[in-house]
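Survey of secondary and tertiary structure
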Amino acid sequence: MSEGRKPKTEDQPWQPKIIAFLCTWCSYAGADLAGVSRIQYPPNIRVVRVPCSGRINPLFVLKCLQNGFDGVLISGCHPGDCHYISGNYVARRKFAILKTALEFVGVEPGRVQFSWVSAGEGEKFAEVVKKVTYDVQQLGPAKRLVKPR
Amino acid sequence: MASINEQLREQARKLLADKVVDLIIGYRKGSLPLRSTPYLVKTEEEAGSLIFDLTSSNNLAKYLPRVKTENRGSKIGIVCKGCDGRSVVQLIIEGQVKREDIVIIGVPCEGVVDTRKVRKKTGGEEVLRVSLPVLPGSGGREIMVEGRGFKITLDKEEVLCDVCLGCQHPNPPLYDLFIGRPREGSSARDEFKALEEFERLSSDERWRYFEHEASRCIRCYACRDACPLCYCEQCFVDETHPQWFGKGPDSSDTLIFHIVRALHTAGRCVSCGACVRACPVGINLNPLWVRIEKEVKERFGYTAGLSLEVTPPLATYDENDKQEFIL
Ligand code: SF4
Ligand code: SF4
Ligand code: SF4
Ligand code: FES
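Residues numbered from 1 in each chain as written. Chains lettered and ligands numbered in written order. Predicted model: local features only at pLDDT ≥ 70, side-chain atom pairs only at ≥ 80, totals over all residues. Heavy atoms only, no water.

1. Looking at helix 11 (residues 251-264) of chain B
Residues and elements named next belong to chain B. Its 14 residues place the ends of helix 11 20 Å apart at the C-alpha level, agreeing with the 20 Å of an ideal helix rising 1.5 Å per residue. Burial of helix 11 is extensive: 13 of the 14 residues sit out of reach of the surface. Of the residues that open helix 11, the one with a side-chain oxygen 2.9 Å from the backbone nitrogen of S252 is D250. (Helix = DSSP H or I, 4+ residues; strand = E, 2+ residues; numbered from the N terminus. Expected span 1.5 Å × (residues − 1). Buried < 20%, exposed > 50% of the residue type's maximum accessible area, 1.4 Å probe, protein only. Polar contact = N/O pair within 3.5 Å; in protein donor to acceptor, adjacent residues only side chain to side chain.)

Set out below in structure tokens:
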């Protein structure tokens with residue numbers, strides 16, 4: 001990860017908190033590559049490393065939204081590249097339904113996003129994080145499904 | 001022609017007498033008007049109380065796994081209207097019951113009554129007596145309800161459950177014998193009717209609706225307990241280690257419970273409406289289920305409970321699945 005530098009949006013005092021579930025074999029390594037290549041991306045993401053995108057239970061996403069994350073990014077290996085052959089294919093179906101359900105009940109599109117990023121795609125990883133951070137910034141702090149403390 | 005109840009009883013007696021089945025899951029008259037109650041028939045005499053009509057609303061497939069476990073080695077008959085029959089198909093696909101252990105007694109469904117809609121029509125007055133049109137295919141549509149100081153005639157279409165208004169499969173897709181004649185599928189009905197209103201709403205409006213509905217939930221889990229496909233020995237909401245979500249009435253917790261139940265039943269829900277009918281506080285989250293059903297149909301070309309041959313969509317994949325939402 002980049003070393004906590006502020007993104008170039010000083011006029012916006014509020015910064016979103018985004019959680020990223022990254023497959024260890026691809027997107028996590030892609031994030032690492034972005035880091036060692038010194039590619040800049042917003043420091044808003046907190047990374048959780050998972051063994052495969054197929055490991056991501058929709059409960060994780062809902063729990064994160066409930067506990068105050070403003071956005072969730074889920075990233076795995078490109079189709080055909082999953083180290084467990086079909087983890088990402090099965091996950092893709094699950095994610096499509098999760099996204100449908102969330103948007104239908106009124107969680108804004110853009111709060112929860114998905115990507116395929118390989119270990120060699122440091123640039124793409126940075127782009128994805130920029131886009132997700134930007135989208136969530138536009139949406140403002142999460143209010144829906146958030147549990148008051 | 002003998003009435004559907006007479007035919008049903010006759011066939012049930014025969015199945016029991018010939019030892020084709022050891023017991024039959026069906027309905028008998030309930031203790032309140034407009035209600036019937038699930039009934040486990042073990043003797044020919046008991047078969048005389050079986051009924052099937054507009055009040056036979058419980059999804060009997062719910063009882064199948066338990067009755068099966070409690071009566072090992074028995075062959076079980078089950079009365080199935082369209083949605084019960086589809087649930088049975090799902091249960092077979094999912095390995096909860098074996099095809100050869102059950103005898104499906106198909107009945108043609110004309111829809112089931114939503115007692116809440118009736119109560120609205122009577123201005124909240126209690127219904128003490130009813131007379132129903134004779135099934136099947138009698139063309140009868142009038143339901144007469146009587147109470148203290150009133151007697152009104154309702155058109156059945158006005159008081160059927162929402163899910164019945166969109167029903168495309170009034171007959172079970174799979175049966176061993178059929179009582180009466182299978183009904184014509186009603187292609188005139190819009191299967192996603194419950195969505196009509198919702199699709200016109202904005203995201204904010206939908207949020208307000210769902211949050212409001214969820215905020216009234218008392219966490220009794222009657223919806224889950226009525227669902228034939230919620231058979232998990234331990235449901236995620238009952239887990240304490242980890243405890244995924246709070247168990248109180250907080251609307252975030254309750255809505256998440258419902259969203260996750262909708263995800264767990266995605267591609268499996270047969271739109272029987274049992275969950276909605278079971279709710280003691282009248283919460284209606286069915287549009288979320290219908291929305292998912294529509295997505296499953298459009299994306300994966302699957303409709304639940306119609307065939308034993310197809311793998312449920314969330315248990316499989318296609319390399320060419322659409323992925324327009326993935327960056
Ligand atoms: S979720 Fe509701 S409508 Fe769907 S199968 Fe279960 S009880 Fe029936
Ligand atoms: S809500 Fe999910 S975990 Fe609970 S019984 Fe239904 S399918 Fe099982
Ligand atoms: S039946 Fe109604 S009140 Fe009970 S848990 Fe389900 S939605 Fe909530
Ligand atoms: S191993 Fe990366 S998605 Fe399966």
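Anyway, onward from the coordinates.
2. So, the packing of aromatic side chains
Applying the stated criterion to the full structure yields 16 aromatic pairs over all chains. Their ring planes at 50° and their centres at 6.3 Å tell us that Y27(B) and F52(B) sit as a pair that is tilted. Here F52(B) lies in the loop between helix 2 (44-47) and helix 3 (64-70) and Y27(B) lies in strand 1 (residues 23-29), a separation of 25 residues in the sequence. Centre to centre, the rings of F236(B) and F257(B) are 6.3 Å apart; their planes meet at 35°, and the pair counts as tilted. Of this pair, F236(B) sits in the loop between helix 10 (222-226) and helix 11 while F257(B) sits in helix 11, and the two are 21 residues apart along the sequence. F257(B) carries the same exposure label as F236(B), and that label is buried. A connected cluster of aromatic rings, assembled from ring pairs, spans F104(A), F198(B), Y209(B) and F210(B). Over the aromatic face of F245(B) sits the side chain of K63(A), whose NZ or CZ is 5.3 Å from the ring centroid. (Phe/Tyr/Trp six-rings, centres within 6.5 Å; stacked < 30°, edge-to-face > 60°. Lys NZ or Arg CZ within 6 Å of the ring centre and 35° of its normal.)

3. A closer look at the interface of chain B and chain A
Taken together, the 42 residues of chain B in the interface contact 37 residues of chain A. Taken over both partners, the interface formed by chain B and chain A buries close to 3700 Å², and the fraction arising from carbon and sulfur atoms is 71%. Considering only the surface of chain B that becomes buried against chain A, W207(B), F325(B) and L327(B) emerge as the three largest contributors, covering 22% of it. Where chain B meets chain A, there are 3 salt bridges. Linking D204(B) and R144(A) is a salt bridge whose minimum nitrogen-to-oxygen distance equals 2.8 Å. Summed over the shared surface of chain B and chain A, the number is 18 residue pairs in polar contact (both at pLDDT 80 or more). Those elements that provide at least two residues to the side of chain B that touches chain A are helix 9 (203-215), helix 11 and helix 13 (286-300) of chain B. Looking at which element gives the most residues to the side of chain B that touches chain A, the answer is helix 13 of chain B, with 8 residues. (Contact = heavy atoms within 4.5 Å. Buried area = accessible area lost by both parts, 1.4 Å probe. Salt bridge = Lys/Arg side-chain N within 4 Å of Asp/Glu carboxyl O.)

4. Side note on the nonpolar core
F21(A), V72(A), L102(A), L145(A), I259(B) and L288(B) are the most contacted members of the largest nonpolar core, which has 68 residues in total. Broken down by element, the residue count for this core peaks at 9 residues, all from helix 3 (residues 87-105) of chain A. In this structure L145(A) touches L62(A), L65(A), Q66(A), L102(A), V107(A), W207(B), S252(B), L255(B), I256(B) and I259(B), once residues within four positions along its chain are discounted. Counting residues in hydrophobic clusters, the runner-up holds 39 residues, among them L50(B), I51(B), C80(B) and V103(B). (Core = buried A, V, L, I, M, F, W, Y, C linked by side-chain atoms within 4.5 Å.)

5. Examining the side chain of D84(B)
Mapped onto the elements of the fold, D84(B) is located in helix 4 (residues 82-93). In contact with D84(B), other than residues within four places in its own chain, are Y27(B), N58(B), N59(B), L60(B), A61(B) and V79(B).

6. Here's the deal with the environment of K124(A)
Examined against the element boundaries, K124(A) turns out to sit in helix 4 (residues 122-139). Spatially, the C-alpha atom of K124(A) lies 25 Å from that of T100(A), the residues being 24 residues apart in sequence. Apart from residues lying up to four places away in sequence, K124(A) is in contact with H78(A), W116(A), V117(A) and L327(B). A distance of 3.3 Å separates a polar atom in the side chain of K124(A) from the backbone oxygen of L327(B).

7. Observations regarding the pattern of salt bridges
Residues and elements named next belong to chain B. By the definition in use, this model includes 25 salt bridges over all chains. Between E199 and K294 there is a salt bridge whose closest N-O contact spans 3.1 Å. Taken as a pair, E199 in helix 8 (residues 196-199) and K294 in helix 13 lie far apart in primary sequence, 95 residues in all. Note on E199: relative accessible area 42%, which makes it partly exposed. Linked through salt bridges whose partners overlap, the residues forming this network are R291, E295, R299 and E324.

8. As for the side chain of S27(A)
Take S27(A): it is sitting in helix 1 (residues 27-36). The class of S27(A) is buried, set by a relative accessible area of 0%.

9. Focus: the site of ligand 1
Around ligand 1, the surrounding shell consists of C227(B), P228(B), R261(B), C269(B), V270(B), S271(B), C272(B), G273(B), A274(B), C275(B) and W289(B). Classifying every residue of the shell around ligand 1 gives 8 nonpolar, 2 polar and 1 charged. (Near = heavy atom within 4 Å. Nonpolar A, V, L, I, M, F, W, Y, C, P; charged D, E, K, R; others polar.)

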